[in-house]
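Below are the chains, spelled out letter by letter.
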Amino acid sequence: MVAPSILSADFARLADEAAAVEGADWLHVDVMDGHFVPNLTIGLPVVTSLRNATAVPLDCHLMIDAPDKWAIGYAEAGAHNVTVHAEAAADPIMLAKDLHAAGALAGLSIKPGTPLEPWIEVLAQYDTLLIMSVEPGFGGQSFIFDVLDKVRTARRLVDTGHLKLLVEIDGGINGDTIEAAAEAGVDCFVAGSSVYGADDPARAVAALRSRAATVSPHLRR
Ligand code: DX5
Ligand code: ZN
């Protein structure tokens, strides 16, 4: 799966930018509060409008403090998947249950420096695990290859039936890095600058998807 990140899109033309990647699996929406990360982007009103402007399922990535308080609103606004940060959530187990009750999938994200092991039990409640491959806050950064160890561990936990979730990666995904991530076992690739920086975003999505597909399925057999 490929999820273009609208962080790299033109914010004055969000409906058009969403339409430009109509064939994408999910549309990744980066919500930043200027506290959890040193950047401020968009919030609930924009997500609500976007929800009505595109049929592509919204994958909301909340880089915010106090997600226990705010995440539910995004589920109620119709986000398909709502991802909160493990580093910020007070009660991630309850939060996942609340998100499900509001009709969304629940995602848990970990920053590059956050280990996976302490979160494995909590992840039993989650549908997606978003492994950050850059420090959250900005698009256009370089892929941190070290996080692929966490991807491999997560892949193993899923393939052996210990967890049931999608492994998602976010940050620095492009034609040069996607194969390594696919090989490590990623299911869903978030890509901002490599999609919206391309002349034809839809073609960039298709190219990333086929590039990942050449690697991952055969390794998983
Ligand atoms: C970074 C965001 C990413 C960002 C990725 O904090 O979570 O979703 O948009 O952008 P690229 O693909 O340019 O690294
Ligand atoms: Zn993101």
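A brief report on the enclosed structure follows. Worth saying up front: this structure is predicted, and the values here are computed from it rather than measured.

## Topic: the pairing of strand β4 (residues 81-85)
Logical step 1: With 5 of 5 residues buried, β4 is to be regarded as a mostly interior element.
Logical step 2: Burial along β4 is two-sided: Asn81, Thr83 and His85 and Val82 and Val84, pointing in opposite directions, are all buried.
Logical step 3: In this structure, strand β3 (residues 58-63) lies alongside β4, joined through 4 bridges in parallel fashion. For Leu62, the partnering residue across the bridge sits in β4 and is Val84.
Logical step 4: Traced from β3 through helix α3 (residues 67-76) to β4, the parallel crossover comes out right-handed.
Logical step 5: Taken together, the 5 bridges between β4 and strand β5 (residues 105-110) define a ladder with parallel strand orientation. Of the residues in β5, the one forming a bridge with Val84 is Leu108.
Logical step 6: Remark: the β4/helix α4 (residues 92-101)/β5 crossover connection has right-handed handedness.

## Focus: the packing of α3 against α4
Between two packed helices, the angle of one axis relative to the other and the distance separating the axes together describe the packing.
Logical step 1: One can describe the packing of α3 onto α4 by two numbers: an axis separation of 9 Å at closest approach and a directional angle of 20 degrees. Here α3 is positioned roughly parallel relative to α4, judged by the angle of their axes. The two elements α3 and α4 meet at a crossing, and its hand is right-handed. Residues Pro67, Asp68, Ala71, Ile72 and Ala75 of α3 form the contact with α4, whose own contacting residues are Leu95, Asp98 and Leu99.
Logical step 2: Looking at the contact of α3 with α4 residue by residue, the class counts come to 6 nonpolar, no polar and 2 charged.

## Things to note about the state of the cysteines
Logical step 1: On inspection of all chains with the given rule, the structure shows 0 disulfides.
Logical step 2: Cys60 takes part in no disulfide bond, and the closest cysteine sulfur, belonging to Cys188, lies 13 Å away.
Logical step 3: Owing to a relative accessible area of 0%, Cys60 belongs among the buried residues under this scheme.
Logical step 4: The class of Cys188 is buried, set by a relative accessible area of 0%.

## Re the coordination of the zinc ion (ligand 2)
Logical step 1: Those protein atoms acting as donors to the zinc ion (ligand 2) are His28 (NE2), Asp30 (OD), His61 (ND1) and Asp170 (OD), and they sit at 2.0 to 2.2 Å.
Logical step 2: Geometry at the zinc ion (ligand 2) is octahedral, judged from its 6 donor atoms and the angles of 71 to 171 degrees they form at the metal.
Logical step 3: Donor residues for the zinc ion (ligand 2) sit on one chain with the sequence pattern H-x1-D-x30-H-x108-D. Taken together, the residues span a long stretch of sequence, with His61 in strand β3 and Asp170 in strand β7 (residues 166-170) at a distance of 109 residues. As far as burial versus exposure is concerned, His61 and Asp170 are alike and both buried.

## Details of the site of ligand 1
Logical step 1: Around ligand 1 sit 20 residues, and of these Asp30, Gly137, Asp170, Gly192 and Ser193 come closest.
Logical step 2: Within the side chain of His61, an N or O atom sits 3.2 Å from an oxygen atom of ligand 1.
Logical step 3: Within the backbone of Gly172, one N or O atom sits 2.8 Å away from an oxygen atom of ligand 1.
Logical step 4: Computed on the free molecule, ligand 1 has an accessible area of 380 Å², of which 100% lies beneath the protein chains in the complex.
Logical step 5: Secondary-structure elements contributing two or more residues to the shell around ligand 1 are β2 (27-32), β3 and β8 (188-191).
Logical step 6: Its residues assigned to classes, the shell around ligand 1 comprises 8 nonpolar, 10 polar and 2 charged.

So, how was this worked out
- Residues numbered from 1 in each chain as written.
- Chains lettered and ligands numbered in written order.
- Predicted model: local features only at pLDDT ≥ 70, side-chain atom pairs only at ≥ 80, totals over all residues.
- Heavy atoms only, no water.
- Buried < 20%, exposed > 50% of the residue type's maximum accessible area, 1.4 Å probe, protein only.
- Helix = DSSP H or I, 4+ residues; strand = E, 2+ residues; numbered from the N terminus.
- Pairing = 2+ DSSP bridges.
- Right-handed = clockwise from strand over helix to strand, strands pointing away.
- Axes fitted to C-alpha atoms, helices over the stretch in contact; angles between N-to-C directions.
- Parallel < 35°, antiparallel > 145°, perpendicular 65-115°, else oblique.
- Left-handed = near helix turned anticlockwise from the far one by under 90°.
- Contact = heavy atoms within 4.5 Å.
- Nonpolar A, V, L, I, M, F, W, Y, C, P; charged D, E, K, R; others polar.
- Disulfide = S-S within 2.5 Å.
- Donors = N, O, S within 2.8 Å, 3.2 Å for Na, K, Ca; no water.
- Tetrahedral: all angles 85-135°; square planar, octahedral: opposite > 155°, others 65-115°.
- Near = heavy atom within 4 Å.
- Polar contact = N/O pair within 3.5 Å; in protein donor to acceptor, adjacent residues only side chain to side chain.
- Areas by Shrake-Rupley, 256 points an atom, 1.4 Å probe, with all protein chains shown as cover.

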